[in-house]
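So the chains spell out like this:
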Amino acid sequence: MGSASQSPLQFSSPFFFLILFLNSRQSQSVGENGYTVSTNAFTVLRLFLILSSHSRRDRAFTKPNRRFVKRYMDRISGLSDELLVRILTFVPTKVAVSTSVLSKRWEFLWTWVPKFEFVDYKYGSGLSVKDFINKNLPLLKPPVIETFRLKCFATFQPEDITRWVATTVSRCIAELDIDCGYCWYGEPCSLLPSSLYTCESLVTLKLNGDTILVDVPRTVSLPKLKTLHLIRVTYLNNDCFRLLISYCPVLEELMIERNGQDNMKTVAVISPSLQRLTLPIGHGLPPFDAEYVIVTPSLKYFKLEEYMLNYSYLVRHMPEVEEADINVQYYLFSIFDSITSVKRLSLCVSFNIISDEYMYHDGIFFSRLEELKLCIRFDYWSKLLFRLLHDSPNLRVLNLCVSKEIRFKKYEPINWNSSEISVPTCLLESLETFEFAEYRGSQEERDFVSFIIKHACHLKSSTITPCTGIEGPSSYSVSESSEGSS
C-alpha cells in the first residue's frame, strides 16, 4: 500500500466497522456504501491505515502523513479514552501497539484493549514473535482478556505456548484460538495447561495442528464453552475427545478434522446441546480405519465431507436438523435415515464403486425438504435424482449440477419420455425454481429438461448454464435446451 494520501479507504476491511462506534457532532459526509460517516471516523480510520501500512521510518518521514497526523491529532484527542480503546479492539494487536508512538496519551492506551491477536503468515524466525508476545501480553491491564489468537508460521517451543495460554486462562479468557498448523518442533506435546480444562469463562476454543496434544485430565469443567474446533490435533488416547465434550453442557458448534495418526479409533460425538456439526473426513490423508458415533438430538446444521471408505457410522436420528451439506466420494447413504427432517440439503456424490450402492433404501422420505442442491459426478445421476424428487413432495428449489467423469458400460438411463413414468408430486404442486449447471446437452439431459418444463406446474424461474469448453456434437445451446426458461 502506498501513502495514505494515495490509498482509498477500504470499506470491506475491519476498519469499516469502526464507523458504527463513531457518532461525533463533527461535520458528516456519506460513505460509498450509503452510511453516514463522521469526519472523526475518517480521521481515525485513515490514521490506522497509515500505522498499519508503513514502517516507523515511513510514518516519520512521509510528509503527507506527518501533516495529516499533526492536523488531526487535536480532533482525535477530543474522543474519550473509552471510545478509542473500543476502536483499537478492531485492529490487530501489532497495529494497536504501534499507536503508542503517536503521543503521550496514546503510549499506553492500547494496554486497555481486552484482547491479544497476532496473525502473521510470513515465514521466518519465531524469535521476534516470541519477544513481542512475551513483552506485550503481560502489559494488558483489563482483568479479563476476552480473546487470545495466535496464527503464524513461526516456530515456538512448547513451553512458550503453554505459558501464554496459562496467562490468558488466569485472566478469564473467553475466546482462545491457537493455530500451530505450520509450527514444527517434533513430536506432539501438551501445549495446553491443565487449568484450561477447568476454565469457567471459556466460550470458544479453536486448536489447529498435529503438534498439539490434547491431554484431558480427569477433572474437566467447561460450563460456558459453546464453540469447539479441533483441526488435525493429536489426542493422548481414544477417550480424550469423548471425555472433553461430555463436560461441555452448552456446546453448540463442533468441528473435527483428523490427521490420520491422532490416536483415536472411535469418534463419539454425544452431545444433547449441539446445534452445528462439521466433519471433514479423510481429505488428503492416507486410509485408516475409524468409527463415528453421532448422537446429537438438537442438531440443526450438519456438514459431512467424506473422501475414503475406511469408516463405519452409527448416526442416531436428528429430529431438529434443518440444513445438511453432504459431500461423499463413494457411498454414504446410510446417514439418510438420520436427516429426513432436513429443509435444505446440499448433496455432492463423486463416485460409487458398485452402481446400486448409491441408492438409499426404501421408506425414506424428506417431507420437509424445500431446497435441494444436487451435484453428481457419475452416469447414474438420473436414477438418484428421480428417486429424490419422488421422496421430496414439498420441494420448491432444485439446483442440479451433473459432471459425468465416470462411465459404466451397463448404464441404463431413466426414460423421461415414457408414458408410464410417474410424475413426482413436487413437480405438480410445489417446485418454483429450477437451475441446471454444467449442462452438456446430451439426449438424457435434454429429455430431463423437457420433463421438468412440461410437468412443473408452478415453475417461476429456470436457469440452464452450459458446461464451458465443450466442442462437437455433445454441446447444446441454452436457447435450444431451455424453452420457457428465464
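Anyway, here's the lowdown on the structure attached to this text. Within any chain, residue numbers begin from 1 and follow the written order of that chain's sequence. Only residues with pLDDT of 70 or above have their local features reported here, since the model is predicted, and side-chain atom pairs are shown and tallied only from 80 upward, although totals for entire chains, interfaces and linings are computed over all residues. Hydrogens and water molecules were not included; the side-chain quantities draw on all heavy atoms of the structure.

**Quick look at the overall build of the protein**
Okay, step 1: When helices and strands are counted, the protein shows 12 helices and 21 strands.
Okay, step 2: Counting every position in the protein, which comprises 486 residues, the buried fraction comes to 49%.
Okay, step 3: Every residue pair with non-hydrogen atoms within 4.5 Å of one another is taken to be in contact. In the protein, 64% of the contacts between residues at least 6 apart in sequence involve partners at least 24 apart.
Okay, step 4: Residue-level accessible areas treat just the shown protein chains as cover; the underlying method is Shrake-Rupley with a 1.4 Å probe. Split by element, the accessible area of the protein, about 23500 Å² in all, is 50% carbon and sulfur. Numbering of helices and strands starts at the N terminus; helices are DSSP runs of H or I of at least 4 residues and strands are runs of E of at least 2. Each residue gets one of three labels from its accessible area relative to the maximum for its type: buried under 20%, exposed over 50%, partly exposed in between, using a 1.4 Å probe on protein chains only.

**Things to note about the packing of helix 9 (residues 381–390) against helix 11 (residues 443–455)**
Okay, step 1: For helices, the axis comes from a line fit to the C-alpha atoms of the stretch in contact; other axes are also lines fit to C-alpha atoms, and the angle between any two N-to-C directions lies between 0 and 180 degrees. Following both chains from N to C, one finds helix 9 and helix 11 inclined at 15°, their axes separated by 12 Å at the closest point. Considered as vectors, helix 9 and helix 11 are oriented roughly parallel to each other. The way helix 9 lies across helix 11 gives a crossing that is left-handed. The residues of helix 11 that touch helix 9, namely those facing Trp381, Ser382, Leu385 and Leu389, are Glu444, Glu445 and Phe448. Orientation is classified from the angle alone, with under 35 degrees giving roughly parallel, over 145 giving roughly antiparallel, 65 to 115 giving roughly perpendicular, and any other angle giving oblique. Handedness of a helix crossing follows the sense of rotation of the near helix relative to the far helix, less than a right angle counterclockwise being left-handed and clockwise being right-handed.

**What about unusual backbone geometry?**
Okay, step 1: The phi dihedral of Cys172 is positive, around 60°, even though this residue is not glycine.
Okay, step 2: Summarising the element assignment, Cys172 is placed in the loop between helix 7 (158–170) and strand 5 (175–179).
Okay, step 3: Given the relative accessible area of 38%, Cys172 is considered partly exposed.
Okay, step 4: Even without being glycine, Asn263 reaches a positive phi, approximately 70°.

**A short note on the nonpolar core**
Nonpolar side chains tend to gather and get buried jointly when the protein is soluble and globular.
Okay, step 1: Nine residue types can take part in a nonpolar core, namely buried Ala, Val, Leu, Ile, Met, Phe, Trp, Tyr and Cys, and a core is a set of them joined through side-chain atoms within 4.5 Å. One finds Ile178, Phe241, Phe302 and Phe448 to be the most contacted residues of the largest nonpolar core, which totals 121 residues.
Okay, step 2: If near-sequence neighbours (up to four positions away) are discounted, Phe241 is found in contact with Leu230, Tyr235, Leu254, Ile256, Met264, Val267, Ala268 and Val269.

**Some thoughts on the state of the cysteines**
Okay, step 1: Whenever a pair of cysteine sulfur atoms sits within 2.5 Å, that pair is classed as a disulfide. Scanning all chains against the criterion turns up 0 disulfides.
Okay, step 2: Left unpaired, Cys172 is separated from the closest cysteine sulfur, that of Cys199, by 7.0 Å.
Okay, step 3: Between Cys467, a cysteine without a disulfide, and Cys401, which holds the nearest cysteine sulfur, the sulfur-to-sulfur distance is 8.4 Å.

**Re the side chain of Arg171**
Okay, step 1: As for its placement among the helices and strands, Arg171 is situated in the loop between helix 7 and strand 5.
Okay, step 2: Only four residue types enter the charge count: Lys and Arg as positive, Asp and Glu as negative, with His and the chain ends excluded. Counted as salt bridges are all cases of a side-chain nitrogen of Lys or Arg within 4 Å of a carboxyl oxygen of Asp or Glu. No salt bridge is formed by the buried Arg171; the nearest opposite charge belongs to Glu146, separated by 11 Å.
Okay, step 3: A polar side-chain atom of Arg171 sits 2.5 Å from the main-chain carbonyl oxygen of Leu140.
Okay, step 4: For Arg171, the residues in contact, after removing those within four places along its chain, are Leu140, Lys141, Pro142, Pro143, Val144 and Ile145. Two N or O atoms count as a polar contact when they lie within 3.5 Å, although within protein this holds only if one can serve as hydrogen donor and the other as acceptor, and sequence-adjacent residues are included solely when both atoms are side-chain atoms.

**Quick word on the environment of Val402**
Okay, step 1: Position of Val402 relative to the elements: it lies in strand 19 (residues 397–402).
Okay, step 2: When its relative accessible area of 0% is taken as the criterion, Val402 is described as buried.
Okay, step 3: Between the C-alpha atoms of Val402 and Cys375, which are 27 residues apart in sequence, the distance is 5.9 Å.
Okay, step 4: When residues no more than four places from it in sequence are discounted, the contact partners of Val402 are Ile376, Trp381, Phe436, Ala437, Glu438, Arg440 and Glu445.

**A closer look at the pattern of salt bridges**
Okay, step 1: A complete count under the given rule lists 19 salt bridges for this structure.
Okay, step 2: Among the ionic pairs, Lys303 bridges to Glu305, the shortest N-O distance being 3.5 Å.
Okay, step 3: Note that Arg396 is salt-bridged to Glu432, the shortest N-O span being 3.9 Å. Linking Arg396 in the loop between helix 9 and strand 19 with Glu432 in the loop between helix 10 (425–429) and strand 20 (433–439), this pair joins segments that are 36 residues apart in sequence.
Okay, step 4: With relative accessibility at 29%, the residue Arg396 sits in the partly exposed group.

**Structural notes on empty space enclosed by the protein**
Okay, step 1: Put simply, the grid is 1 Å and covers the protein atoms alone, a cavity is a trapped set of points that fit a 1.4 Å probe, a pocket is an open set with protein on both sides within 12 Å along at least five of seven lines, and lining residues have an atom within 4 Å of a point. Grid points are joined across faces, edges and corners, and a volume is the space filled by probe spheres set on the points. Under the criterion given, the structure shown has 2 cavities of 30 Å³ or more.
Okay, step 2: By volume, the largest cavity is sized at about 40 Å³.
Okay, step 3: Empty space within the second largest cavity amounts to approximately 30 Å³.
Okay, step 4: Looking at the second largest cavity, the residues that line it are Tyr197, Leu205, Leu207, Val214, Leu228, Leu230 and Leu244.
Okay, step 5: The set of elements that each furnish at least two residues to the lining of the second largest cavity consists of strand 6 (204–208) and strand 8 (227–231).
Okay, step 6: Ten residue types, Ala, Val, Leu, Ile, Met, Phe, Trp, Tyr, Cys and Pro, are classed as nonpolar, four, Asp, Glu, Lys and Arg, as charged, and the remainder, Gly among them, as polar. Residue composition of the lining of the second largest cavity, by class: 7 nonpolar, no polar and no charged.

**Focus: the environment of Val165**
Okay, step 1: Within the element layout of this structure, Val165 appears in helix 7.
Okay, step 2: For the pair Val165 and Leu192, spaced 27 residues apart in sequence, the C-alpha separation works out to 6.8 Å.
Okay, step 3: With sequence-adjacent residues up to four places away left out, Val165 is seen in contact with Leu176, Ile178 and Pro193.

**What about helix 7?**
Okay, step 1: In a helix, the anticipated span is given by 1.5 Å times the number of residues less one. For helix 7, which comprises 13 residues, the first-to-last C-alpha distance of 19 Å matches the rise-based estimate of 18 Å (1.5 Å per residue) to within 8%.
Okay, step 2: Every buried residue of helix 7 is accounted for by Pro158, Asp160, Ile161, Trp164, Val165, Thr168 and Val169. Buried residues of helix 7, viewed axially, fall in a sector of 165°; they line one side.
Okay, step 3: Two residues or fewer after helix 7 comes Cys172, characterised by a positive phi angle close to 60°. Along the arc lie the directions from the helix axis toward the C-beta atoms.

**What to know about the side chain of Thr99**
Okay, step 1: Following the sequence through the fold, Thr99 ends up in the loop between helix 5 (93–98) and strand 3 (115–120).
Okay, step 2: By relative accessible area, Thr99 is classed as buried at 0%.

**A look at the packing of aromatic side chains**
Okay, step 1: Here is the rule: rings of Phe, Tyr and Trp (six-membered ring for Trp) pair when centre to centre is within 6.5 Å. Planes less than 30 degrees apart are stacked, more than 60 are edge-to-face, and the remainder are tilted. What the rule picks out here adds up to 14 aromatic pairs.
Okay, step 2: Both rings, one in Trp381 and one in Phe436, keep their centres 6.3 Å apart while their planes meet at 65°; by these two values the pair is edge-to-face. In this pair, Trp381 sits in helix 9 while Phe436 sits in strand 20, placing the two residues 55 residues apart along the sequence.
Okay, step 3: By relative accessible area, which is 0% here, Trp381 ends up buried.
Okay, step 4: On the accessibility criterion, Phe436 (1% relative accessible area) is buried.
Okay, step 5: Between the aromatic rings of Phe436 and Phe448, the centroid separation amounts to 6.3 Å while the plane-to-plane angle is 70°, which identifies the pairing as edge-to-face.

**Some details on the pairing of strand 14 (residues 301–306)**
Okay, step 1: Here, a strand pair is defined by DSSP locating no fewer than two bridges between the strands. As paired elements, strand 12 (residues 276–281) and strand 14 share 6 bridges and run parallel to each other. Residue pairing across strands places Leu277 opposite Phe302, the latter belonging to strand 14.
Okay, step 2: When strand 14 meets strand 16 (residues 323–328), the two strands line up parallel, connected through 6 bridges. Across the sheet, the residue bridging to Lys303 is Asp325, located in strand 16.

These figures come from the coordinates and say nothing about function on their own.
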